[in-house]
There are 2 protein chains.
Amino acid sequence: MEKVRPALLRGFDQEYLPHEQLQFNALLDLVRANFERYGFLPIETPSAERKEVLTSKGGAEKEIYALSRLAAGDDEDEAATKGALRFDLTVPLARYVAMHERELAFPFRRYQIQRVWRGETPQARKGRFREFYQCDIDIINRERLSILAEAEIPSVIYSVFREMAIGEFRIRINNRKVLKALLHKFEVPDARAAAVLRALDRIDKEPRAKIEADLGREGVARAHALCEVVFTQRSTQETLEALQNLSLEGSGVQELREVAEAIRKFGVPEAAFGIDLSVVRGLDYYTGTIYETSLTQYPEAGSICSGGRYDDLASTFTKTSLPGVGISIGLTRLFSKLREAGLLRAPSRTPAEALVVTMDPRYLDRYLEMARALREAGVNTEVYLEQAKLKNQLAYADRKGFRVAVIAGENEFAKGVVQVKNLSAKTASDYPLGRLVTAVKETLDGT
Amino acid sequence: MEKVRPALLRGFDQEYLPHEQLQFNALLDLVRANFERYGFLPIETPSAERKEVLTSKGGAEKEIYALSRLAAGDDEDEAATKGALRFDLTVPLARYVAMHERELAFPFRRYQIQRVWRGETPQARKGRFREFYQCDIDIINRERLSILAEAEIPSVIYSVFREMAIGEFRIRINNRKVLKALLHKFEVPDARAAAVLRALDRIDKEPRAKIEADLGREGVARAHALCEVVFTQRSTQETLEALQNLSLEGSGVQELREVAEAIRKFGVPEAAFGIDLSVVRGLDYYTGTIYETSLTQYPEAGSICSGGRYDDLASTFTKTSLPGVGISIGLTRLFSKLREAGLLRAPSRTPAEALVVTMDPRYLDRYLEMARALREAGVNTEVYLEQAKLKNQLAYADRKGFRVAVIAGENEFAKGVVQVKNLSAKTASDYPLGRLVTAVKETLDGT
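Residues numbered from 1 in each chain as written. Chains lettered and ligands numbered in written order. Predicted model: local features only at pLDDT ≥ 70, side-chain atom pairs only at ≥ 80, totals over all residues. Heavy atoms only, no water.

*Asks:* Hey, could you go over the overall build of chain A for me, with residue numbers and the actual values?
*Replies:* Looking only at helices and strands, one finds 16 helices and 16 strands in chain A. Along the longest, intermediate and shortest principal axes, the C-alpha atoms of chain A span 90 × 60 × 45 Å. Looking at the 447 residues of chain A, the share that counts as buried comes to 60%. The contacts of chain A with a sequence gap of at least 6 include a subset with a gap of at least 24, amounting to 68%. Summed over its atoms, the accessible surface of chain A is roughly 18100 Å², and 47% of this surface lies on carbon and sulfur atoms. Placing the 65 positive and 64 negative side-chain charges of chain A at their respective mean positions leaves the two points 2 Å apart. (Helix = DSSP H or I, 4+ residues; strand = E, 2+ residues; numbered from the N terminus. Buried < 20%, exposed > 50% of the residue type's maximum accessible area, 1.4 Å probe, protein only. Contact = heavy atoms within 4.5 Å. Areas by Shrake-Rupley, 256 points an atom, 1.4 Å probe, with all protein chains shown as cover. Lys, Arg positive; Asp, Glu negative; His and termini not counted. Charge placed at Lys NZ, Arg CZ, Asp CG, Glu CD.)

Put into structure tokens, the structure is as follows:
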């Protein structure tokens with residue numbers, strides 16, 4: 001028979017072996033636990049939404065995957081004619097809040113950990129894929145939202161990455177109102193503002209001289225002075241003073257000051273955050289504080305967590321004003337970069353705990369009974385059900401990451417004992433059958 | 001501005017409010033914990049696969065969703081030309097095992113909990129949707145697989161549904177070889193076998209007389225006698241005797257006997273399983289033991305967990321013979337049916353534990369400090385950050401399912417105390433500030 005090549009689609013190719021999947025799941029669980037620790041509640045939304053919902057905020061059409069039936073079906077299927085896969089978790093959130101507004105408690109604090117799909121050019125080196133996980137939190141309120149919410153978000157991020165133990169990181173904050181006022185100060189016409197911001201946003205990818213030249217081409221007369229303000233590294237205090245001296249219009253500088261002060265109160269240490277005027281965030285969408293997060297020892301990973309404040313989440317769907325603030329961790333990309341940088345630690349605990357080796361099929365009842373006792377005591381246990389030599393069963397245990405093997409055959413059962421083998425230390429002892437559970441648990445605690 | 005209607009696509013509409021999502025996640029976590037308890041390890045596969053991978057086993061094309069770009073992109077995208085969404089987790093498993101064969105430890109025991117997509121006609125009443133979760137376990141080996149694996153699968157299912165506490169259930173088993181031999185015994189020509197099995201499979205939906213008539217039309221001379229054998233309810237022992245008396249050819253009856261005996265050894269009580277000769281399973285795919293599971297008090301829910309033994313998982317992708325056995329729980333459907341039947345209990349623990357009420361913005365530092373102390377002690381804690389009356393903050397706490405409120409204003413802080421309110425019992429007491437964590441934990445333990 002002609003074989004089909006077992007291969008993946010480019011960009012839909014982040015598939016892990018079980019031990020890698022366990023590492024990934026450990027990160028997912030850690031993120032989820034931290035989100036819950038701060039009072040965020042879960043939602044999930046369908047993978048496909050109506051096209052007009054997904055495109056309601058404009059843009060992105062080129063990146064959206066639409067659905068159709070592979071072969072014509074008998075029945076009407078609006079998913080196949082009107083449906084497309086979500087490209088982020090924010091548009092579905094807006095649709096969700098507008099749809100369920102009456103049933104939700106506000107401020108609505110939700111987390112959402114799901115896959116999204118984007119038809120971008122995949123670049124494994126940059127951790128960019130066409131299918132990837134996003135982990136989002138947002139705080140949405142009706143009519144008004146306290147600036148304290150903008151300060152709380154970095155404290156959640158701090159909690160997540162501190163527990164991840166992936167080295168030093170820095171949450172860099174800025175404010176769109178400050179950027180807007182800066183451009184005004186430097187006499188950038190409104191029509192050029194978007195292009196100028198895009199140019200400033202390339203500082204991680206291009207030399208400053210190139211950016212200054214680009215700004216000049218966009219008609220910015222004092223490009224060098226603008227870059228001095230935006231790209232000079234200063235302490236939070238110094239940045240606020242520099243901005244003060246510029247006497248910018250609007251409330252941006254005051255907001256930035258308030259948010260920075262509140263972030264400290266929320267318990268984020270000075271070293272883990274700072275104002276960075278070069279943080280731009282592409283989307284028009286943001287109206288106040290914006291965030292990016294970078295790894296100090298590994299800046300080439302880019303921003304591992306980004307977001308910001310927006311004044312109106314769902315204006316395309318509802319008349320209710322819904323200001324909010326949120327961030328997103330691109331977990332597939334982060335996992336890929338951490339793995340590449342060797343910053344992923346083995347999960348402290350694999351779910352494969354005890355393997356009951358089967359030496360002699362006549363004793364199946366006893367093997368199963370031991371497994372039952374272990375499982376009831378909370379130990380994840382597998383019984384090796386195929387016929388194989390002891391050596392091969394132990395090789396399987398090692399390969400799968402089991403920490404303990406339980407070994408007994410005719411001799412052991414005659415003596416009423418069982419051998420408990422510590423697979424990492426390569427030590428083994430006999431225990432009375434009645435002490436099996438205790439012996440395995442003690443061995444697991446010691447591994 | 002013209003508003004876009006915030007609506008979902010038909011069949012892509014199983015979206016929950018946060019409290020429902022928590023119930024759903026509790027089920028997911030329970031399933032996952034049970035799978036791990038039996039030594040299954042996780043994998044996830046990409047949502048989209050190559051079309052030729054998905055269709056390699058034939059059939060199903062009408063139900064498959066293909067991908068395309070909503071607007072033409074600049075770059076080549078094979079996902080948009082060659083990709084489609086998976087309709088189950090078995091075909092991706094076959095592709096995965098064929099692709100990673102050298103890197104996997106066999107017997108390969110994997111669990112996979114992900115969404116799948118099928119362009120069927122959605123029927124909310126039957127719990128049939130176009131997007132839904134499947135929770136699969138499979139045991140795959142190279143060349144041969146012990147019949148004990150076929151007996152172990154029901155013991156995992158038993159463990160899952162017992163812990164779910166959704167009332168009595170029954171794992172009904174049959175064997176494809178027995179069905180094949182039965183049809184031979186009743187002189188059903190091979191060309192009619194598939195149609196006859198499909199007719200038998202409709203016993204949950206149609207009266208027996210109708211099925212007998214259909215069998216007659218398919219040319220089964222002794223339709224009534226065949227239905228007597230297949231549909232008569234008997235004990236496991238009686239069924240095995242009845243089959244024995246028919247002197248069927250092949251090893252099916254012997255396998256059924258061995259599997260039934262081993263299932264008992266694996267600890268599944270007699271009441272929770274039984275042989276049912278009317279279990280057919282649509283797919284050609286299965287070659288030995290097959291399973292369905294029904295709720296005793298709620299048979300109209302249909303089979304909540306089905307699967308079986310197959311001789312060759314991945315013959316379309318590899319020359320290696322990969323026999324296996326597996327089952328699948330359709331969790332979205334199960335959740336929908338349990339909710340309808342009122343069999344879903346509230347999760348014993350909501351992640352919303354303590355709400356720190358903010359009575360006076362001057363004390364923000366103290367509120368944040370209390371929250372930090374609670375979180376460090378493992379209590380999920382939210383600080384109410386908007387300005388609102390105490391009454392409204394407590395209403396928010398109730399609505400979101402918080403179990404404890406921490407209340408302190410000028411008076412309390414002057415006295416060095418804090419009020420801890422049990423939100424379910426509606427009782428409250430003052431505690432010295434230094435005893436806050438203990439008081440909250442004790443209150444949570446009592447709720």
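*Asks:* A description of helix H8 (residues 208-217) of chain A should follow, citing residues and the corresponding values.
*Replies:* It helps to recall that an α-helix has 3.6 residues per turn; residues three or four apart then point in one direction. Residue and element names in this part refer to chain A. Three or more residues of H8 are buried, namely Ile 211, Glu 212, Asp 214 and Leu 215. Taken around the axis of H8, the buried residues stretch over an arc of 160°, which confines them to a single face. Facing away from the buried side of H8, by more than 90 degrees, are the exposed residues Ala 209 and Arg 217. Of the surrounding elements, those touching the buried residues of H8 are helix H7 (190-200) and helix H9 (223-231). Looking one or two residues past H8, Gly 219 carries a phi angle of roughly 90°, positive in sign. (Arc of directions from axis to C-beta.)

*Asks:* Kindly report on the packing of H7 of chain A against H8 of chain A, identifying the contributing residues and their values.
*Replies:* Residue and element names in this part refer to chain A. The contact between H7 and H8 brings their axes to 9 Å, and the two run at 170°. Overall, the two elements H7 and H8 adopt an arrangement that is roughly antiparallel. Packed against H7, whose contacting residues are Arg 192, Val 196, Ala 199 and Leu 200, the element H8 presents Ile 211, Leu 215 and Arg 217 at the interface. Its residues placed into classes, the contact of H7 with H8 shows five nonpolar, no polar and two charged. (Axes fitted to C-alpha atoms, helices over the stretch in contact; angles between N-to-C directions. Parallel < 35°, antiparallel > 145°, perpendicular 65-115°, else oblique. Nonpolar A, V, L, I, M, F, W, Y, C, P; charged D, E, K, R; others polar.)

*Asks:* Explain the relation of the copies chain B and chain A to me, and be specific about the residues and the numbers.
*Replies:* For the match of chain B to chain A, the screw axis carries a shift of 0.0 Å, the RMSD comes to 0.1 Å, and the turn is 180°. Both copies of the chain, as the preceding transformation shows, are related through a two-fold rotation axis. In terms of C-alpha distance to the rotation axis, chain B has Leu 67 of chain B as its closest residue, with the C-alpha 2.5 Å off the axis. (Least-squares fit on C-alpha atoms with pLDDT ≥ 70 in both.)

*Asks:* Would you mind going over empty space enclosed by the protein in detail, with residue names and values included?
*Replies:* As enumerated under the stated definition, the model contains seven cavities of 30 Å³ or more in all. Counted as a void, the largest cavity has a volume near 670 Å³. Around the largest cavity, the lining comprises 33 residues; the ones closest to its centre are Glu 44 and Tyr 133 of chain A together with Leu 28, Glu 44 and Tyr 133 of chain B. Going through the elements one at a time, helix H1 (18-37) and strand S5 (108-117) of chain A together with helix H1 (18-37) and strand S5 (108-117) of chain B are the ones with two or more residues in the lining of the largest cavity. A total of six residues in the lining of the largest cavity trace back to one element, the largest contributor, which is S5 of chain B. Residue composition of the lining of the largest cavity, grouped by class: 14 nonpolar, nine polar and 10 charged. What the second largest cavity holds in volume is close to 100 Å³. As for the second largest cavity, its lining consists of 14 residues, of which Gln 14, Arg 115, Glu 131, Tyr 133 and Thr 332 of chain A are closest to the centre. Every element with two or more residues in the lining of the second largest cavity is listed here: H1 and strand S6 (131-140) of chain A. Residue contributions to the lining of the second largest cavity peak at three residues, all from S6 of chain A. Broken down by class, the residue content of the lining of the second largest cavity amounts to six nonpolar, four polar and four charged. (1 Å grid on protein atoms, 1.4 Å probe; cavity = no way out; pocket = protein on both sides within 12 Å on 5 of 7 lines; lining within 4 Å. Points joined across faces, edges and corners; volume = space filled by probe spheres on them.)

*Asks:* Please provide a residue-by-residue account of the interface of chain B and chain A, values included.
*Replies:* Tallying the contact residues gives 118 residues for chain B and 117 residues for chain A. Counting each side, the surface lost to burial between chain B and chain A is near 10600 Å², with a carbon and sulfur contribution of 56%. The residue Lys 265 of chain A makes a salt bridge to Asp 365 of chain B at a minimum N-O spacing of 3.6 Å. Scanning the region where chain B abuts chain A turns up 65 residue pairs in polar contact (both at pLDDT 80 or more). Here the side of chain B that touches chain A gets eight residues from one element, more than from any other, and that element is H1 of chain B. (Buried area = accessible area lost by both parts, 1.4 Å probe. Salt bridge = Lys/Arg side-chain N within 4 Å of Asp/Glu carboxyl O. Polar contact = N/O pair within 3.5 Å; in protein donor to acceptor, adjacent residues only side chain to side chain.)

*Asks:* How would you explain the packing of aromatic side chains if you had to name every residue and give the values?
*Replies:* Taken as a whole, this structure holds 29 aromatic pairs over all chains when the rule is applied. Where Phe 12 of chain B meets Tyr 65 of chain B, the ring centres are 5.7 Å apart and the plane angle is 70°; that geometry is what we call edge-to-face. Of this pair, Phe 12 of chain B sits in the segment before H1 while Tyr 65 of chain B sits in strand S3 (residues 65-69), and the two are 53 residues apart along the sequence. The two residues Phe 12 of chain B and Tyr 65 of chain B agree in class, both being buried. Taken together, the ring pairs in this structure connect Tyr 16, Phe 24, Tyr 133 and Phe 335 of chain A into an aromatic cluster. (Phe/Tyr/Trp six-rings, centres within 6.5 Å; stacked < 30°, edge-to-face > 60°.)

*Asks:* Can you lay out the sheet that holds strand S14 (residues 404-407) of chain A for me, pointing to particular residues and giving the numbers?
*Replies:* Picture the strands of a sheet paired through backbone hydrogen bonds; they go either parallel or antiparallel. Residues and elements named next belong to chain A. Spatial ordering of the open sheet is given by S13-S12-S14-S15-S16, a layout of five strands whose pairing is mixed. What marks the edges here is a single partner per strand, and that holds for strand S13 (381-383) and strand S16 (427-432). Looking at each pair of strands side by side, their axes are set apart by 25° on average, direction ignored. Strand direction decides the pairing type here: strand S15 (residues 417-422) and S16, joined by six bridges, are antiparallel. Note on S16: the bridge partner recorded for Val 418 is Tyr 431. Where helix H16 (residues 436-446) meets the sheet, its contacts fall on strand S12 (354-356), S14, S15 and S16, and the angle it forms with S15 comes to roughly 10°. (Pairing = 2+ DSSP bridges.)

*Asks:* Please provide a residue-by-residue account of the pairing of strand S7 (residues 169-175) of chain B, values included.
*Replies:* Residue and element names in this part refer to chain B. Where burial is concerned, most of S7 is hidden: six out of the seven residues are buried. Note that S7 and strand S9 (residues 289-295) share seven bridges and pair antiparallel. If you follow Asn 174 over to S9, its bridge partner there is Ile 290. Note: S7 against strand S8 (residues 273-275), three bridges, orientation parallel. Bridging across to S8, Arg 172 finds its partner in Gly 274.

*Asks:* Give me the lowdown on the pairing of strand S6 (residues 131-140) of chain B, citing residues and values where you can.
*Replies:* Residue and element names in this part refer to chain B. By the criterion of burial, S6 is predominantly enclosed, with 10 of the 10 residues buried. Burial along S6 is two-sided: Glu 131, Tyr 133, Cys 135, Ile 137 and Ile 139 facing one way and Phe 132, Gln 134, Asp 136, Asp 138 and Ile 140 facing the other are all buried. Of the pairings in the sheet, the one linking S5 to S6 comprises 10 bridges and is antiparallel in character. Considered in S6, the bridge of Gln 112 is made with Asp 136.

*Asks:* Report on the side chain of Asp 214 of chain A, specifying residues and quantitative values.
*Replies:* All names here are of chain A. Topologically, Asp 214 is positioned in helix H8. Since its relative accessible area comes to 9%, Asp 214 is described here as buried. Setting aside its immediate chain neighbours within four residues, Asp 214 contacts Arg 202 and Glu 206.

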